[in-house]
Amino acid sequence: YNLLNSHFQGIWSQSYINLQNYDYIEKASKTSKQAPYKAIAKIMKAYVYQNLVDCYGNVPYSQALKSGQGILKPKYDPQQSVYEDLVIQLDSAMNLIATRPSDAEEVGTKDIIFSGDMNKWARFANTIKLRILLNQADMTGRASYISGALATTTDVGFLGAGEGAWLNPGYLQSAGKMNPFWERFYKQDNSQQPDGLGYFVAGQDACDFLIANNDPRKLRFFQAYTGTSIQGNYFGAQILQTVPNTSKIGPGMLRAYNQNAPILTDIESLFLQAEAAQRGLIGGTVKTFYESAVTLSIIYEGGAAGTAANAATYLSDTTKVLVNFAKTPNKLRTIITQKWMALNGLSPMPIWTDYRRTGYPDFIHWSEEPLKINPTPPIRLLYPQSEINTNIDNVLLQGTIDTFTSKIFWQNR
């Protein structure tokens, strides 16, 4: 937990490189016929900026991406203001899609997420918007803002089953051209990368959850270390279990060199809709959203157990309060906990955000390292050393940043 300014610098630098590219596309799309390109660029900018805010809080925004105008040291904008403008930008993108002319340029196969389906792009934008607004749901005094913002695009809808934002540029079984997650563990000849599968093993909390709930995803998230048994370690533990007695990452997560990369999955979208409906922010049946999300996760993890029938059996077990929606006394706890399990190894950012804003899952064993400097994980990242080196005056204006106490604005706990 001893994060330094030199850690995770790539999140910052790569995000702003991506943003510069999207900004170029947005500005180059000058005619009404180019509305699809402009809308996609605006949506992806909102997606990246949201992640930056969720990691760092205040970030360069209104003066960012303007080196061509001579602004080399952009000021930092208040994080809540950035969030609010992202909602405006997403609404603008959805309007561009809705009002695009009949002879608008087709994006087609140049789009490596939705293959040019602009209706899906609109639902993707609205789902990002829902995520942005839900992150603020436990803040004091934000209820009317959230409900009002959601009302402006009610007719657009959200990503449904089979509509997840998955990216695939055409991965090849060649070094540097495979799915990045797969390539962290395997080489192009399918041999293991050094310290890949031997270094990363199952987390014991996830194993306990899967075992206790007789979860059909058990042997898809993790490989059995013996028979059909899974076992892991706690983070920072001084080798509770040795390597031969721990489960490696399973075939449901490591699928193939050309597996799709998740951007915002339909699984996450349905969990977001379940939470929003539970909070009374959108219409629809909470139980239906929730069970659809869990079912999609079980099917995605695959294998013989990855069927809708097995999902129905799992969800109907009335003895499991973190599974059976009718029996759970705390609906939000169950939604967020199942979302944690479903996004395990698939999409870590929402898991971190959900814990920071809701406190769920509430049974995690945090670092067992005896020399840890805090009992719970960091709640934000530090501004990177590269930014300190080039924009020090504006970094200093953000005040003293503590990774354990300097909360992102939406963290109301």
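Residues numbered from 1 in each chain as written. Predicted model: local features only at pLDDT ≥ 70, side-chain atom pairs only at ≥ 80, totals over all residues. Heavy atoms only, no water.

**Section: helix α11 (residues 308-315)**
In step 1: Of the positions making up α11, those classed as buried are Ala-311, Tyr-314 and Leu-315. Burial along α11 is one-sided: seen end-on, the buried residues are contained in an arc of 90°. Turned more than 90 degrees away from the buried face of α11, the exposed residues are Ala-309 and Thr-313.
In step 2: Here the buried face of α11 lies against α7 (204-212), α10 (286-301) and α12 (331-342). (Buried < 20%, exposed > 50% of the residue type's maximum accessible area, 1.4 Å probe, protein only. Helix = DSSP H or I, 4+ residues; strand = E, 2+ residues; numbered from the N terminus. Arc of directions from axis to C-beta. Contact = heavy atoms within 4.5 Å.)

**Re the packing of aromatic side chains**
In step 1: Tallied over the full model, the rule gives 26 aromatic pairs.
In step 2: Plain terms: the ring middles of Tyr-83 and Phe-409 are 5.1 Å apart, the flat faces sit at 85° to each other, and that makes the pair edge-to-face. Taken together, the residues span a long stretch of sequence, with Tyr-83 in helix α3 (residues 79-98) and Phe-409 in the segment after α15 (392-396) at a distance of 326 residues.
In step 3: Exposure remark for Tyr-83: the relative accessible area of 0% places this residue in the buried category.
In step 4: Ring plane angle 85° and centroid distance 5.3 Å describe the contact between Phe-114 and Trp-121, whose orientation is recorded as edge-to-face.
In step 5: The class for Phe-114 is buried, based on a relative accessible area of 6%.
In step 6: An aromatic cluster is present here, built from Trp-12, Tyr-16, Tyr-49, Tyr-56, Tyr-61, Tyr-76 and Tyr-383 joined pairwise through their rings. (Phe/Tyr/Trp six-rings, centres within 6.5 Å; stacked < 30°, edge-to-face > 60°.)

**Looking at the nonpolar core**
In step 1: With 108 residues, the main nonpolar core has Tyr-16, Ile-43, Tyr-49, Leu-52, Trp-121, Phe-124 and Phe-222 as its most contacted residues.
In step 2: Take this core: its biggest share by element is 14 residues, from helix α2 (residues 35-56). (Core = buried A, V, L, I, M, F, W, Y, C linked by side-chain atoms within 4.5 Å.)

**Re unusual backbone geometry**
In step 1: Here Tyr-360 and Pro-361 are connected by a cis peptide whose omega angle stands at 0°.
In step 2: Secondary-structure assignment places Pro-361 in the loop between α13 (348-358) and α14 (385-390).
In step 3: The backbone of Asp-195 shows a phi angle near 60°, a positive value even though the residue is not glycine.
In step 4: Phi at Asn-214 is positive, roughly 50°, even though this residue is not glycine.
In step 5: Note that Asn-214 resides in the loop between α7 and α8 (218-221).
In step 6: Judged by relative accessible area, Asn-214 falls into the exposed class, the value being 63%.

Keep in mind these values describe shape, not function.
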